[in-house]
Amino acid sequence: MIRIGMGQIEITPGNPRKNRDIILQAIEYAKALRLDLLILPELALSGYLIGDVWDQPAFVNECVAMGETIIKSTDNIAVIFGNVGLDPDKTNFDGRPRKFNAIFAAQNGELITPQESPYPFIIKTLNPNYRFFNEARYFTPLPTVAQELHRPVEELLGLLPFTFKNGEMFNVAPLLCEDSWDENYSFSPTTTLADKSTIQDVPIDAFINISASPFTLGKNERRHRLFSERAKELETPVFYINSVGLQNNGKSICTFDGQSTVYNQAGQVVAQSPAYEATVQPVLMAKTSEATTVENADSPITENSRNVTTEARYEVVDLYDNQTVIKTPVKSEAPLEVAQIYRALHYGLKSFLKQTGIKKIVIGVSGGIDSALNEPSMRPY
């Protein structure tokens, strides 16, 4: 059985040292829970919306140094986290040292990378460049690296091979945020990894997407549709790990709502972290040969439960009376749109005041719509 932690942490943009401390606390907590693998969000040390701070070499070098501290802290645990990857011998399109939006994976103080990767980290393939997303300005994507190496981009994608206690192998298909939102792109990293798995006869035990995904109205409903379809199509669990917090690139202020989610191979939601709350949520996975499939019941403990023999593969499970039982889907309904908007505004205002140190606010109550909305937004949630 594999114990995985969904590390939905609060990230402070532009403060790698503070974020390092938060990550180290999460790692120690995960170790106390005896987790095998802790998954953390995209750009967990730097923050995502930081604007032209990316053009400061000292800041980038500090992110790299803080990342090395995280790698050294992975004794007796595996950690996947997002950070900036750096190649000082090459340049971005703007002539500055080349940076990548990257996934790092470490276990027992050592980096783990796909054998196909040209770097000791995994480079994001699809860099969004719309609305407040401006990754093309700062990061070099994987297709550019593939073009320079005169190789197809498919050749540079691969799996993360973990080995846990008792020699238990666990193969992860790593994806960075937009790499899973690929329905409008001509290239699909998810499909490529699945195809390579089939060709190489190496099973994928889980797709893991680490994200820095701001709240927008309707986003989570679209994500559930897209990720559920993929999990069902590929018959493989999908993990989505998002951050919480407030980030500001100088023009846009965005709330990050978390809501990290696990989808089983049938595309059903089996675990979801609460919105706007920092947490490390444990998730158990076991081979189906070790688990009991439950049918015709809302509760796993029922006289209608029965064993179903299937091909041995990893599934999300629960523990009942020291027995692994296939985890039943969670019932999750999207809040009303007005409730989602209010929650995002309230969380954003509270976080902004905390970041700026403002402790008191004066509201001019005119009786109009503006003051009528502002006053309840300032109340404790």
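For the structure, see preceding data.
All of the points below concern the structure found in this document. The structure presented is a predicted model; accordingly, all values stated were derived computationally and were not measured.

1. Some remarks on helix H6 (residues 337–356)
Move 1: In a regular helix each residue adds 1.5 Å, so 20 residues correspond to 28 Å; H6 covers 28 Å between its end C-alpha atoms and thus fits that length.
Move 2: Among all positions in H6, only Gln-340, Ala-344, His-346, Tyr-347, Gly-348 and Ser-351 are buried.
Move 3: Directly after H6, the chain includes Gly-357, whose backbone phi takes a positive value near 80°.

2. What to know about the state of the cysteines
Move 1: Under the counting rule described, the total for this entry stands at zero disulfides.
Move 2: Not part of a disulfide, Cys-63 finds its nearest cysteine sulfur in Cys-177, a span of 18 Å.
Move 3: Accessibility expressed as a relative area gives 0% for Cys-63, which makes it buried.
Move 4: Take Cys-254: it sits in no disulfide, and the sulfur closest to it among the cysteines is that of Cys-177, at 12 Å.

3. Looking at the sheet that holds strand S13 (residues 261–263)
Hydrogen bonding along the main chain pairs the strands of a sheet, whether they run parallel or antiparallel.
Move 1: If you walk across this open sheet you meet the six strands as S7-S8-S9-S10-S13-S14, and the pairing is mixed. Of all the strands in the sheet, the pair left with one neighbour each is strand S7 (160–164) and strand S14 (269–272). Averaged over all pairs of adjacent strands, the angle between strand axes in this sheet comes to 25°, irrespective of strand direction.
Move 2: By the bridge criterion, five bridges tie S7 to strand S8 (residues 168–176) in an arrangement that is antiparallel. Note on S8: the bridge partner recorded for Pro-161 is Asn-171.
Move 3: Together, S8 and strand S9 (206–210) form the strand contacts of helix H4 (residues 189–200), whose direction differs from that of S8 by roughly 155°.

4. Topic: the packing of aromatic side chains
Move 1: What the rule picks out here adds up to 17 aromatic pairs.
Move 2: Residues Tyr-130 and Phe-133 carry aromatic rings whose centres are separated by 5.3 Å and whose planes lie at 70° to one another, so their mutual orientation is edge-to-face.
Move 3: A residue is classified by how much of its surface remains accessible, and Tyr-130, at 34% relative accessible area, is partly exposed.
Move 4: Arranged with centres 4.5 Å apart and planes meeting at 35°, the rings of Tyr-276 and Tyr-347 form a pair that is tilted. Taken together, the positions of Tyr-276 in the loop between S14 and strand S15 (279–287) and Tyr-347 in helix H6 put the pair 71 residues apart, joining distant regions of the chain.

The rules behind the values
Residues numbered from 1 in each chain as written. Predicted model: local features only at pLDDT ≥ 70, side-chain atom pairs only at ≥ 80, totals over all residues. Heavy atoms only, no water. Helix = DSSP H or I, 4+ residues; strand = E, 2+ residues; numbered from the N terminus. Expected span 1.5 Å × (residues − 1). Buried < 20%, exposed > 50% of the residue type's maximum accessible area, 1.4 Å probe, protein only. Disulfide = S-S within 2.5 Å. Pairing = 2+ DSSP bridges. Axes fitted to C-alpha atoms, helices over the stretch in contact; angles between N-to-C directions. Contact = heavy atoms within 4.5 Å. Phe/Tyr/Trp six-rings, centres within 6.5 Å; stacked < 30°, edge-to-face > 60°.

Geometric values such as these leave the question of function open.
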